[in-house]
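Structural overview for review
If you want the building blocks of each chain, they are given just below.
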There are 2 protein chains.
Amino acid sequence: MAAVAAATRWRLLLVLSAAGLGVTGAPQPPNILLLLMDDMGWGDLGVYGEPSRETPNLDRMAAEGMLFPNFYTANPLCSPSRAALLTGRLPIRSGFYTTNGHARNAYTPQEIVGGIPDSELLLPELLKEAGYTSKIVGKWHLGHRPQFHPLKHGFDEWFGSPNCHFGPYDNKARPNIPVYRDWEMVGRFYEEFPINLKTGEANLTQIYLQEALDFIKRQQAAHHPFFLHWAIDATHAPVYASRPFLGTSQRGRYGDAVREIDDSVGKILHLLRDLSIAENTFVFFTSDNGAALISAPRQGGSNGPFLCGKQTTFEGGMREPAIAWWPGHIPAGQVSHQLGSIMDLFTTSLSLAGLEPPRDRAIDGLDLLPTMLQGRLTDRPVFYYRGNALMAVTRGQYKAHFWTWTNSWEEFRQLGLQPLTQGSTAQGRRRIYLAPHFPALLRSRGVDFCPGQNVSGVTTHSQEEHTKLPLVFHLGRDPGERFPLSIASTEYLDALRQITPVVRQHQEALVPGQPQLNVCNRAVMNWAPPGCEKLGKCLMPPESVPEKCSWPH
Amino acid sequence: MAAVAAATRWRLLLVLSAAGLGVTGAPQPPNILLLLMDDMGWGDLGVYGEPSRETPNLDRMAAEGMLFPNFYTANPLCSPSRAALLTGRLPIRSGFYTTNGHARNAYTPQEIVGGIPDSELLLPELLKEAGYTSKIVGKWHLGHRPQFHPLKHGFDEWFGSPNCHFGPYDNKARPNIPVYRDWEMVGRFYEEFPINLKTGEANLTQIYLQEALDFIKRQQAAHHPFFLHWAIDATHAPVYASRPFLGTSQRGRYGDAVREIDDSVGKILHLLRDLSIAENTFVFFTSDNGAALISAPRQGGSNGPFLCGKQTTFEGGMREPAIAWWPGHIPAGQVSHQLGSIMDLFTTSLSLAGLEPPRDRAIDGLDLLPTMLQGRLTDRPVFYYRGNALMAVTRGQYKAHFWTWTNSWEEFRQLGLQPLTQGSTAQGRRRIYLAPHFPALLRSRGVDFCPGQNVSGVTTHSQEEHTKLPLVFHLGRDPGERFPLSIASTEYLDALRQITPVVRQHQEALVPGQPQLNVCNRAVMNWAPPGCEKLGKCLMPPESVPEKCSWPH
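Attention here is on the structure that accompanies the text. Please read these numbers as outputs of a predicted model, since none were measured by experiment. (Residues numbered from 1 in each chain as written. Chains lettered and ligands numbered in written order. Predicted model: local features only at pLDDT ≥ 70, side-chain atom pairs only at ≥ 80, totals over all residues. Heavy atoms only, no water.)

Check the secondary structure of chain A and you find 14 helices and 23 strands. Buried positions account for 66% of the 553 residues belonging to chain A. For chain A, the accessible area works out to roughly 18600 Å², and carbon and sulfur atoms hold 55% of it. (Helix = DSSP H or I, 4+ residues; strand = E, 2+ residues; numbered from the N terminus. Buried < 20%, exposed > 50% of the residue type's maximum accessible area, 1.4 Å probe, protein only. Areas by Shrake-Rupley, 256 points an atom, 1.4 Å probe, with all protein chains shown as cover.)

Right, here's the structure in full:
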């Protein structure tokens, strides 16, 4: 209640200020800093039990703030989970899914035609109302065509890329991914922004760190409340680190990337303290989806005790590391068992700014301030979608799987080249692309989202329907989803009695958005992003041939 | 160095004191408190990433002391690992193994004929030299026949049992396990010391706690340095907790047991502070082997990200939670990556007492004081034995498996009654016993030491030899042992070059002890322990029929 009252006061003062009443020294709403990792797993931080314990800054952040062991993303894949964070809505509502195949994962590779619809209200658009200046540093991933540009969706500044840093490409069959500063491209990965696939060296995290520090300093000097979305990607394959961090981790290159990120988070929090704005800056650290076990152990992280990883709706795919930090407000050293969601960051940020979430649409995010400030626990379900399929639901300690699928037998058994990104060849034929740094690793073992984890009847390689008799796990006793409850037990029946009405209510009220990830077209790739002419780097797009995207898993 | 000098001073003062020179207020060597858990896994504490985070006292102990993420037991089973702790020697040296079958696990059930040989020097025997009073509370497990009694091996006091708390038995085919106070039995489990298998209620942890608190208070009052070996067993199936803890954990009954233990450790540390002896008491917390996944999730714990559990030589079977606490000496909040061993507790305890380890025998334990006090790291291998077979060796980050085996196909596939303890029936025929609380759980899934974890070519159900080309894992990148290094890689060759000479040296110098766990005999069971006559509880032993024990895995 105290927080809400304060927020209302900020709003009022902002209105007065905007009306020219010249309120000097008016209290500002807190700055908001969302640190979003890429493919980092629940088990990658020391505070979550990573045996090498190489994240002293993040562990300290947790000790000074609140740790959420039960925090979830909204999708086991990058683009949909990022859309969910910025809209506060399940990807099925915002259109970040495909209907090309049941339960297929989809995202925004270069050839995707869709992106974030104009009808969606993004967090930075709404924060403008409260006077915030917003910047995104790093990966956008909500569509790369002009209408989807982050500065058209509320951000005031951008430094980063619209797609994953896969590559290098030849700029003929496929262009390298551009790096933007605000409206215009300032270079491309593997060209002006080198990534050495052999050594793993890249300076990108340092560049992203500097962008964050500069932005914070500028906004502080200008007395603007700010929203910084620091969406860095060093832990997404191909993982990278700058030279001072390469070879320093006990965990290999993936660990080097984590160490550099940890060091960077330490520097950001240190700056906030140095500028004396720590107590007026809310910081949240989380990841977009579980660790990509398909890239482990050299290029993928750890999901701790949880089953499987990225691409799956088991806990390893969707439970995330999560730390809230706001000195003087969030009590230090707390652990909250609130079931949290990446979508809560939308609603919570609005609440911090003294704003209400939009009332004209379904919002799935909760305001976590009562949890963080007063330790309140709110009962709420977690929905695990894969594409257009509701795969599972958690309520309290019980998780019910209505569908199980890891990836197809064909992919799992495949010993040749493996799909990582998909699209069309220069010849226009549909085929699967392989990111060039992977073949040696993957040729030996097919596509496996659950390496070394095989739970009979659970990690299925065909899509198995359990809608009549869901597979139910007690996540407190069995966080690894290895021991389904007996369907003959009263516990099973009790669990279903809790979950079934929640699912019915959700499905009855659900209005899916127009699917954005169905259509691909080589002509829409990053051939000639704005600014390319200044760099002399415009490429000629091929003929436009829209086609259904093929999503293999 | 400072510690060693101090220890020497204590010895000198003790000698002076013993010589009647009447040194008053002479500094005492520190008290030693070894808290040994039973079947608790690496992943069971909040500080090791257990998602429910229900161990605030142990987490605080770690924050005030030193955490060892790379700490190992000496055997994946109870009796041999306990022998290793108290002798500082691998079980193959002390005789705590069987030769009845290659790589078979063996321990001390009621029908075992062997036990700790008189020729072994146990920690409490040696600590007497430095004036310590020693007590063991809880499970002894080094043989239950008269010659193996803990008070014949250096302990001054005992409250607890010689074997596991399996039961209830009928006292005809098999007696219930006795509970001793010092030399005599004071009752039996399921009789004077009830364990309710249905509800999980038992007061044993509270009794063991009280024994510890009373002993500490008495020794403090008497100004005696003390060694307390608190070897409790609530987390060994059948897991139990007292009524105030039952139903309080998010993790079910196993978690209730952990919560009661955590609370008890908190009370013990609190007493040390209250008595102002915290700075003169070295406390170490660890477990005898990995979590028993065969009993999970209702009666077994978590090994976090590690592979398999108890009974196996994968990390889940042998990597242990480990916390050292000694306020004012061990700096707070440290993490040490020293490869530590349960056998180090022997050597370290001697060092604390100012004593040298025996020179007439091989001692495997290191003195960890330089690690704990000065942060020193010592290169040392870890040997993973299963019975008489050296299954694996770790050196630095590399672990080489020379043999792999989880359990036989026959056991794994078995759908009927499953072995938990083994022995002979009343009829004298050899057969496998089933602890009566397990059938419903186990009937459905055979004997599985790696439920939900199946790494092709690694978790093998036949004994697979890899002595020529070991399976090698990098435990930093791949703590879960899921991705063997390619035998064609230079990294593989480099790792072997480091490990091979260590193994050769170990095997050339090894003198195995006389195997203690080969012979069983129903006549040696706990029919008439000393003191039974006072209670009117002496039972008649059957005819003596020595036979080879059968160890199924």
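Copy one and copy two of the chain differ by a rotation about a common axis and a shift along it. Between chain B and chain A, the superposition needs a rotation of 180 degrees and an axial shift of 0.0 Å, giving an RMSD of 0.0 Å. Such a combination of turn and shift is consistent with a two-fold rotation axis. Mapped onto chain A, 100% of the interface residues of chain B again fall at the interface, so both copies present the same surface. (Least-squares fit on C-alpha atoms with pLDDT ≥ 70 in both. Contact = heavy atoms within 4.5 Å.)

The next point concerns helix H9 (residues 344–352) of chain B. Residue and element names in this part refer to chain B. The element H9 is extensively covered by neighbouring structure, given that 9 of its 9 residues are classed as buried. Within the span of H9, buried status applies to Asp344, Leu345, Phe346, Thr347, Thr348, Ser349, Leu350, Ser351 and Leu352. A positive backbone phi angle near 80 degrees is found at Gly354, which sits one or two residues after H9.

Moving on, we get to the environment of B:Leu142. Residue and element names in this part refer to chain B. Within the secondary structure, Leu142 is located in the loop between strand S4 (133–139) and strand S5 (157–161). According to the relative accessible area criterion, Leu142 is buried, its value standing at 0%. Between the C-alpha atoms of Leu142 and Leu127, which are 15 residues apart in sequence, the distance is 19 Å. If near-sequence neighbours (up to four positions away) are discounted, Leu142 is found in contact with Ser79, Arg82, Ala83, Leu86, Phe96, Thr108, Gly115, Ile116, Leu122 and Phe148.

With omega at -5 degrees, the peptide bond leading from A:Ala237 into A:Pro238 counts as cis. Take A:Pro238: it is sitting in the loop between strand S8 (226–231) and helix H7 (253–274). A positive phi is found at B:Asp39, a non-glycine position, where the angle reads about 60 degrees. Within the secondary structure layout, B:Asp39 lies in the loop between strand S1 (31–37) and helix H2 (56–64). In the Ramachandran plot, B:Gln311 falls in the positive-phi region, its phi being about 90 degrees despite a non-glycine side chain. Positionally, B:Gln311 belongs in the loop between strand S9 (281–287) and helix H8 (315–318). The exposure class assigned to B:Gln311 is buried, which follows from its relative accessible area of 11%.

This next bit is on the pattern of salt bridges. This structure, assessed with the given rule, holds 62 salt bridges over all chains. Of the charged contacts in the structure, one is a salt bridge between A:Glu201 and A:Arg243, with a shortest N-O distance of 3.3 Å. Highlighted residues: A:Glu201 in the loop between strand S7 (184–188) and helix H6 (204–221) and A:Arg243 in the loop between S8 and H7, separated in sequence by 42 residues. Assessed through its relative accessible area of 60%, A:Arg243 is described here as exposed. Residue B:Lys534 pairs with B:Glu184 through a salt bridge whose shortest N-O separation is 2.6 Å. (Salt bridge = Lys/Arg side-chain N within 4 Å of Asp/Glu carboxyl O.)

Residue and element names in this part refer to chain A. Taking 1.5 Å per residue, 18 residues should reach 26 Å; H6 reaches 26 Å between its end C-alpha atoms and fits that length. Within H6, the full set of buried residues consists of Leu204, Thr205, Tyr208, Leu209, Glu211, Ala212, Leu213, Phe215, Ile216 and Gln219. Those residues of H6 that are buried are in contact with strand S1 (31–37), strand S4 (133–139), strand S5 (157–161), strand S6 (178–181), S8 and H7. A positive phi of about 55 degrees marks His223, the residue just after H6. (Expected span 1.5 Å × (residues − 1).)

With that settled, the discussion passes to the interface of chain B and chain A. Listed as interface residues are 39 residues of chain B and, on the opposing side, 39 residues of chain A. Taken over both partners, the interface formed by chain B and chain A buries close to 3000 Å², and the fraction arising from carbon and sulfur atoms is 56%. Applying the counting criterion to the chain B and chain A interface returns 2 salt bridges. The salt bridge partner of B:Glu491 is A:Arg298, with a shortest N-O separation of 2.9 Å. Here the side of chain B that touches chain A is composed, by residue class, of 17 nonpolar, 13 polar and 9 charged. (Buried area = accessible area lost by both parts, 1.4 Å probe. Nonpolar A, V, L, I, M, F, W, Y, C, P; charged D, E, K, R; others polar.)

Residues and elements named next belong to chain B. With mixed pairing, 3 strands are arranged side by side in an open sheet as S10-S3-S13. Pairing within the sheet leaves two strands with one partner each, and these edge strands are strand S10 (319–320) and strand S13 (340–341). As judged from the 2 bridges shared by strand S3 (residues 71–72) and S10, these two strands associate in the antiparallel manner. Considered in S10, the bridge of Tyr72 is made with Arg319. (Pairing = 2+ DSSP bridges.)

Residue and element names in this part refer to chain A. As summarised here, the arrangement of the 4 strands in space is S14-S15-S16-S21, forming an open sheet in which the pairing is antiparallel. Because the sheet does not close on itself, it has two edges, and the strands there are strand S14 (382–386) and strand S21 (471–474). Adjacent strand axes in the sheet meet at a mean angle of 20 degrees, parallel and antiparallel pairs treated alike. (Axes fitted to C-alpha atoms, helices over the stretch in contact; angles between N-to-C directions.)

The subject of this paragraph is the pairing of S5(A). Residue and element names in this part refer to chain A. Among the 5 residues of S5, 5 are classified as buried, and the element is accordingly described as predominantly covered. When S4 meets S5, the two strands line up parallel, connected through 5 bridges. Within S5, the position partnered with Ile136 by the bridge is Trp158. Where S5 and S6 come together, 2 bridges link them in antiparallel fashion. Along S6, the bridge assignment pairs Gly160 with Tyr180.

What follows is about the packing of aromatic side chains. Residues and elements named next belong to chain A. Within this structure, the stated rule accounts for 32 aromatic pairs over all chains. A centroid spacing of 4.8 Å and a plane angle of 85 degrees characterise the contact between Trp42 and Phe306, whose relative ring orientation is edge-to-face. In this pair, Trp42 sits in the loop between S1 and helix H2 (56–64) while Phe306 sits in the loop between strand S9 (281–287) and helix H8 (315–318), placing the two residues 264 residues apart along the sequence. For Trp42, a relative accessible area of 0% corresponds to the buried category. The structure contains a cluster of three or more aromatic residues connected by ring pairs, namely Phe68, Phe71, Phe282, Phe284 and Trp326. Residue placement shows Arg174 over the ring face of Tyr169; its charged tip is 5.2 Å from the ring centre. (Phe/Tyr/Trp six-rings, centres within 6.5 Å; stacked < 30°, edge-to-face > 60°. Lys NZ or Arg CZ within 6 Å of the ring centre and 35° of its normal.)

Moving on, we come to the state of the cysteines. Residues and elements named next belong to chain A. For the coordinates displayed, the defined rule picks out 6 disulfides over all chains. One disulfide bridge connects Cys308 with Cys450, the sulfur atoms lying 2.1 Å from each other. Measuring the twist about the S-S bond at about 100 degrees, one finds the Cys308-Cys450 disulfide to be right-handed. Linking Cys308 in the loop between S9 and H8 with Cys450 in the loop between helix H12 (439–443) and strand S20 (464–465), this pair joins segments that are 142 residues apart in sequence. Taken as a pair, Cys308 and Cys450 share a single burial class, namely buried. Put simply, Cys520 and Cys549 are joined by a disulfide, and their sulfur atoms are 2.0 Å apart. Sign of the S-S torsion, about 105 degrees for the bond between Cys520 and Cys549, identifies this disulfide as right-handed. With Cys520 in strand S22 (residues 519–520) and Cys549 in the segment after strand S23 (547–548), this residue pair connects regions lying 29 residues apart in the sequence. Cys549 gets classed as buried once you look at its relative accessible area, which sits at 4%. Disulfide connectivity for chain A, with bonded cysteines indexed by sequence position, reads 1-2, 3-6, 4-5. Of the cysteine sulfurs around Cys164, a residue in no disulfide, the closest is that of Cys78, at 4.9 Å. (Disulfide = S-S within 2.5 Å.)

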